[in-house]
Amino acid sequence: MKLRRASWLALAIPVTVALAAASACSSSSSSSSSSSSAPASSSAPASSSSSPSSSASSTSSASGALKTGLKVYVIPKQLGQSYFTTADSAKSGGAIAALTALGETGVETSGTAATAASQIPAIQAAVSKGANALIVSATDPTALCPTLESAMKRGIVVVTYDSDAPTCRSMFINQASTAAIGTTEVDILAKELNDTGQIAIVSAEASATNQNAWIGYMKQELKKYPKMSLVATVYGNDDATTSTQVTQGLLEQYPNLKGIISPTTVGIAAAAAVLDTAKYRGKIMLTGLGTPDSMKQFVSDGTVKEFELWNPADLGYLAAYAAVELASGKITNAAGQTFTAGKLGSFTVGADNTILLGPPFVFDAANINQFNF
């Protein structure tokens, strides 16, 4: 099958990740690229893993060249989620792979819970260890901003990816247009429901920047379908158990429910497992954002017809290049600035200091087995 973007061909290379997946997050952007590709409340201690580097100090190998030896910390919402493992790791071709190839010291670190209380200590530790750049998926922009602003005052580049902190970062790498994600998920479900019926949303955290932005566009798009009604939005907090429980609650509270949208890879997999019974399969439709490996079973047996995502490894890879370009002084975050991100090609900074990876990709029974992540 011919994919929408040439770099999607790289996704046929197997990537071993855990089946539990993490949520994806973003804010809107009007920037464009020349090539791109496909998706608890207590504190926890931070931990980390690193890549090799040619030097511990930042030096420029040639006049006008990118600096090498930069200390770049990649800080996802939490460690251990397969979505972020794919986005960040060297094995998948994510952020650490890009940083290693560029001669930087790349370290992935975060807490073990997708909370600001768990993530902030990892950011603070990275700053104290002499970070030149931070690549952060924000659990809660309001809570993180004082720490990120403090880092920027020290001259540290802050690049957000997946989930933005709009007022306290240098640049945001947006995985896909916020509007496109929100509207297309409603359109997919409307097609499957013949534009009629009660629907609900199983989101991640109530504070997640991307989730709220996507849901906003979903509500706007639903105005095109007057016979469809949104009866509830519930929050699984990017936890499989909680997502399962809130999905079960929806089914009990709304016996006439016809469809669910879950714009989080943890939530959609949990919701699919709940619906994967003779009672619900094919009767309550489900779509959202998911990883192919976590959804293959449900697509195969008809529980899910279509869902969306992008290539998280490309998202991390692009964020790493952007961080190094900024930390090297090769580009600023001003709209119109351009740079080349290795295998992904050329990108242009758009409005709000944002770079867009590319459009979401729809997975279905015809193509899902071509992908392994």
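Up top is the structure.
Everything numeric in this text was worked out from a predicted model, so none of it was measured.

Chemist: Help me understand the overall build of the protein in this model?
Modeler: Along the protein, the regular secondary structure elements total 10 helices and 17 strands. Here the protein holds 373 residues, and the buried ones make up 60% of them.

Chemist: Help me understand the nonpolar core, please; the structure alone is not making it clear to me.
Modeler: Taken as a class, soluble globular proteins show a tendency for nonpolar side chains to be buried jointly. Counting residues in each nonpolar core, the largest one holds 86 residues, and the members touching the most others are Tyr-161, Met-171, Ile-173, Met-295, Trp-310, Leu-318 and Phe-339. Among the elements that make up this core, the one with the highest residue count is helix H10 (residues 312-327) (11 residues). Core analysis: the second largest hydrophobic core is formed by 21 residues, Ala-131, Leu-134, Leu-144 and Val-158 among them.

Chemist: Got a minute to help me understand the pairing of strand E5 (residues 105-110) in this structure?
Modeler: A regular strand places its side chains on the two faces of the sheet in alternate fashion. Among the six residues in E5, six count as buried, and that is most of the element. Burial along E5 is two-sided: Thr-105, Val-107 and Thr-109 facing one way and Gly-106, Glu-108 and Ser-110 facing the other are all buried.

Chemist: Would you take a moment to explain the packing of aromatic side chains for this structure?
Modeler: For any two aromatic rings, the description comes down to two numbers: the centre-to-centre distance and the angle of the planes. Throughout the structure, instances matching the rule amount to 11 aromatic pairs. Pairing Phe-363 with Phe-373 gives two aromatic rings, centres 6.5 Å apart and planes at 70°, and the pair type is edge-to-face. Taken as a pair, Phe-363 in strand E17 (residues 361-363) and Phe-373 in the segment after E17 lie far apart in primary sequence, 10 residues in all. Of the two residues examined, Phe-363 and Phe-373, each falls in the buried class. Chaining the aromatic ring pairs together yields one cluster made of Tyr-83, Phe-84, Tyr-161, Trp-214 and Trp-310. Here the guanidinium or amino end of Lys-343 rests over the ring plane of Tyr-317, the centre of that ring lying 4.7 Å away.

Chemist: Where do I start with the state of the cysteines in this structure?
Modeler: Joining two cysteines, a disulfide is a covalent bond between their sulfur atoms. Enumeration according to the criterion identifies one disulfide in this entry. Covalently, Cys-145 is tied to Cys-168 through a disulfide, its sulfur atoms 2.0 Å apart. Residues Cys-145 and Cys-168 are joined through a disulfide that is left-handed, its torsion about the S-S bond being -75°. One end of the pair, Cys-145, is in helix H4 (residues 141-153); the other, Cys-168, is in the loop between strand E7 (157-161) and strand E8 (171-174), with 23 residues separating them in the sequence. In this structure Cys-145 comes out as buried when scored by relative accessible area, which is 8%.

Basis of the calculations
Residues numbered from 1 in each chain as written. Predicted model: local features only at pLDDT ≥ 70, side-chain atom pairs only at ≥ 80, totals over all residues. Heavy atoms only, no water. Helix = DSSP H or I, 4+ residues; strand = E, 2+ residues; numbered from the N terminus. Buried < 20%, exposed > 50% of the residue type's maximum accessible area, 1.4 Å probe, protein only. Core = buried A, V, L, I, M, F, W, Y, C linked by side-chain atoms within 4.5 Å. Phe/Tyr/Trp six-rings, centres within 6.5 Å; stacked < 30°, edge-to-face > 60°. Lys NZ or Arg CZ within 6 Å of the ring centre and 35° of its normal. Disulfide = S-S within 2.5 Å.

The values are spatial; any link to function lies outside them.
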